[in-house]
Amino acid sequence: MMEKDRTVLLAGATGYLGSYIAKELAARQIPTKILVRNTEKAKDLKSDCTEIIKAEVTKPETLNGHFEGVDTVISTVGITRQKDGLTYMDVDYRANKNLLEEAKKARVRKFIYISVLNGNLHRNLKILAAKEAFVDELSASGLEYTIIRPNGFFSDMKDFLDMAKKGKIYLFGNGEQKFNPIHGRDLAIACVDAIESEKTEINIGGPDILTQNEVAELALLACGKPINIIHLPHWLRKFVIWVLRTFTSSKTYGPVEFFLTLLADDAIAPRCGGHRLAAFFQKEVDSLTATS
Ligand SMILES: NC(=O)c1ccc[n+]([C@@H]2O[C@H](COP(=O)([O-])OP(=O)(O)OC[C@H]3O[C@@H](n4cnc5c(N)ncnc54)[C@H](OP(=O)(O)O)[C@@H]3O)[C@@H](O)[C@H]2O)c1
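Here the structure is a predicted model, which is why all the values come from computation and not from measurement. For every chain, the first residue of the written sequence is number 1, and numbering continues from 1 along that sequence. Per-residue local features are limited, in this predicted model, to residues with pLDDT of at least 70; the limit for side-chain atom pairs, both in listing and counting, is 80 or more; totals at the level of whole chains, interfaces and linings are taken over all residues. The basis for every side-chain value is the complete set of heavy atoms in the structure, and neither hydrogens nor water enter the calculation.

What is the right way to read the packing of helix H7 (residues 234–247) against helix H8 (residues 250–262) from this model?
Helix-helix packing: each pair is described by the crossing angle between the helix axes and the interaxial distance. Helix axes use the C-alpha atoms of the stretch in contact, all axes being lines fitted to C-alpha atoms, and the angles between their N-to-C directions lie in the range 0 to 180 degrees. A run of DSSP states H or I qualifies as a helix once it reaches four residues; a run of E qualifies as a strand once it reaches two. Both are numbered from the N-terminal end. Packing of H7 against H8 leaves a shortest axis separation of 10 Å and a crossing angle of 160 degrees. The angle between H7 and H8 falls in the class roughly antiparallel. In this structure, H7 crosses over H8, and the sense of that crossing is left-handed. Here H7 contributes Arg237, Val240, Ile241, Leu244 and Arg245 to the contact with H8, which in turn contributes Tyr253, Val256, Glu257, Leu260 and Thr261. Each residue receives one of three labels: charged for Asp, Glu, Lys and Arg, nonpolar for Ala, Val, Leu, Ile, Met, Phe, Trp, Tyr, Cys and Pro, and polar for the others, Gly being one of them. Residues that form the contact of H7 with H8 fall into these classes: six nonpolar, one polar and three charged. Any angle from 65 to 115 degrees is called roughly perpendicular, while one under 35 is roughly parallel, one over 145 is roughly antiparallel, and all others are oblique. Each crossing gets its handedness from the near helix: less than a right angle anticlockwise from the far helix is left-handed, clockwise is right-handed. For this analysis, residues touch if any pair of their heavy atoms sits within 4.5 Å.

Just to check I follow, could you spell out the site of the ligand for this structure?
Within the structure, the ligand sits among 25 residues, and Thr14, Lys41, Thr80, Lys131 and Asp156 are positioned closest to it. A 3.5 Å cut-off defines polar contacts: any pair of N or O atoms within that distance qualifies, except that in protein one atom must be a possible hydrogen donor and the other a possible acceptor, and neighbouring residues in sequence count only when both atoms are side-chain atoms. A distance of 2.8 Å is found between an oxygen atom of the ligand and a backbone nitrogen or oxygen belonging to tyrosine 16. At a separation of 2.5 Å, a nitrogen atom of the ligand approaches a polar side-chain atom of aspartate 156. Here the ligand loses 92% of its free accessible area of 910 Å² to cover by the protein chains. Whether a residue is near a molecule or strand is decided by its heavy atoms; if any one of them lies within 4 Å of it, the residue is near. Shrake-Rupley sampling with a 1.4 Å probe provides the accessible areas, and residues are treated as covered by the protein chains on show and by no other component.

What am I meant to see in unusual backbone geometry here?
Most peptide bonds take the trans form, and the phi angle of most residues other than glycine is negative. Backbone geometry at arginine 107 places phi at a positive 55 degrees, although glycine is not the residue there. Relative to the helices and strands, arginine 107 resides in the loop between helix H2 (88–105) and strand S5 (110–114). Classification of residues uses two cut-offs on accessible area relative to the type maximum, computed with a 1.4 Å probe and protein chains only: under 20% is buried, over 50% is exposed, and between them is partly exposed. Accessibility expressed as a relative area gives 75% for arginine 107, which makes it exposed. Not every positive phi belongs to a glycine, and asparagine 118 is a case in point at roughly 65 degrees. Following the sequence through the fold, asparagine 118 ends up in the loop between S5 and helix H3 (126–139).

Any chance you could explain the packing of H3 against H8 here in plain terms?
Between H3 and H8, the least distance of the axes is 7 Å, while the angle of their chain directions is 90 degrees. The angle between the axes of H3 and H8 places the two elements in the roughly perpendicular class. Of the residues in H8, those touching H3 at Lys126, Ile127 and Leu128 are Ser250, Tyr253, Glu257 and Phe258. Of the residues in the contact of H3 with H8, the class split is four nonpolar, one polar and two charged.

What should I look at first to understand the nonpolar core in this one?
One broad trend across soluble globular proteins is that nonpolar side chains are buried collectively. For this analysis, a nonpolar core means a set of buried residues of the types Ala, Val, Leu, Ile, Met, Phe, Trp, Tyr and Cys, connected via side-chain atoms within 4.5 Å. Counting 36 residues, the largest nonpolar core has Leu35, Val57, Phe67, Val73, Leu99, Phe111 and Leu138 as its most contacted members. Secondary structure elements with two or more residues in this core: strand S1 (8–11), H2, S5, H3 and strand S6 (144–150). In terms of nonpolar packing, the next biggest core, distinct from the first, is built from 27 residues, Ile30, Leu187, Val192 and Ile204 among them.

I tried to follow the sheet that holds S6 on my own but got confused; where do I start?
At least two bridges found by DSSP between two strands is the condition for calling them paired. Ordered in space as S3-S2-S1-S4-S5-S6-S9, the seven strands form an open sheet in which the pairing is parallel. For this open sheet the edge positions go to strand S3 (50–54) and strand S9 (201–204), each flanked by a neighbour on one side alone. In this sheet, neighbouring strand axes are inclined to one another by 15 degrees on average, regardless of whether the strands run parallel or antiparallel. In terms of strand pairing, strand S4 (residues 72–75) meets S5 through four bridges, oriented parallel. The partner of serine 75 across the bridge, within S5, is tyrosine 113. The strands touched by H2 are S1, strand S2 (32–36), S4 and S5; relative to S5, the strand with the most contacts, the crossing angle is about 170 degrees.

Here's what the structure looks like:
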C-alpha cells in the first residue's frame, strides 16, 4: 500500500511537534484523523485530507469508533508545560495506553510513539518512568511500531533565549556538555517517514552538535547582548533536584528533574534535517520585536 493510501490517526496535533506532523501529513496528502480535546486550538490544522475529531485521550469511552479504517496511529501526547493537575502516569502512560487499546481493537497496523533520546536509561525520572512504561506496552502489543527518540526540541531552547533577553545565561558545570537539538519540522518529516519504516527505534537529533556554552552564545548573539555566561557548580544542580523532590509533588519537580538530569551529560543522536538553531533564535527574536 502506498503512503498516501494509508489513513493516519494523529494525537497531540495541538502541540509543538504534533502541529508540524499534521502539516507534513497534509503536504503529502495522507488522509488524517486528528484527535484533539480543544477544536479551537486545531483550526489552523484543517486541510482537504484532514478530519478534526473532538475526543479526550484520558477518557477511553470518547475514543470509541474513531479508529475504524486507520492504518497508523501517531501519538505525540505527553505532558510538557500543561498544568491540568494530571500526572505523567495519567497522560504519558495511560492516555497513550488508551490509544493503543483502541488501535488494537480496530486492528490498526502500526503505532508510532515519541519518547526521548536515552529515555530508557533514565527510568528513575518520573516523566521517563511513564513514557518507558508505555514503550514496554507498545513493544509487547503485537502491532508494528516505531519508537522515535528525539534529542531536545528547538521549542525548549527558548529557555536559553528567555535568559539571554535579560543579558545573562546560567549553566550548570563548565557548559561543555554537547547535544544536537532538533526543529519540529525536521522531526515531523522523520515521524511521517516512519509510517513505512521497519525500524522499531529511531534516535534522532538536529544537524548541529553544540555545547551548552555555544547554545548560550547563539541566544545572546540573537538578542544583541554581550556574551555573559554564569557557570554554577554541579552540587547546586543536585541540591535543587533534591529540594524539589523532597518538598514538592511530582507535578512540580517532574519537569525540573528531567531537564536538570539530562543537561548533565552529552546527548548526541544521529544528525538529521537542515534547520539551524542560530536561524531559529533569530526568527524568534525578530517575531518578538515585530509584535512588541
Ligand atoms: N520538548 C522536548 O525537548 C522533547 C524532547 C523529546 C521528546 N519530547 C516528547 O515529545 C512529545 C511532544 O512534545 P511537544 O513539545 O510537541 O509537546 P506539547 O507541545 O506540549 O504537545 C503535547 C500534546 O499532548 C497533548 N496533551 C497533553 N496533556 C494532555 C491531556 N491531559 N489530555 C489531552 N491531551 C493532552 C497536548 O494537548 P493540548 O494542546 O490540548 O494541551 C498536545 O497536543 C512529548 O511527549 C514530549 O515529552 C519532547
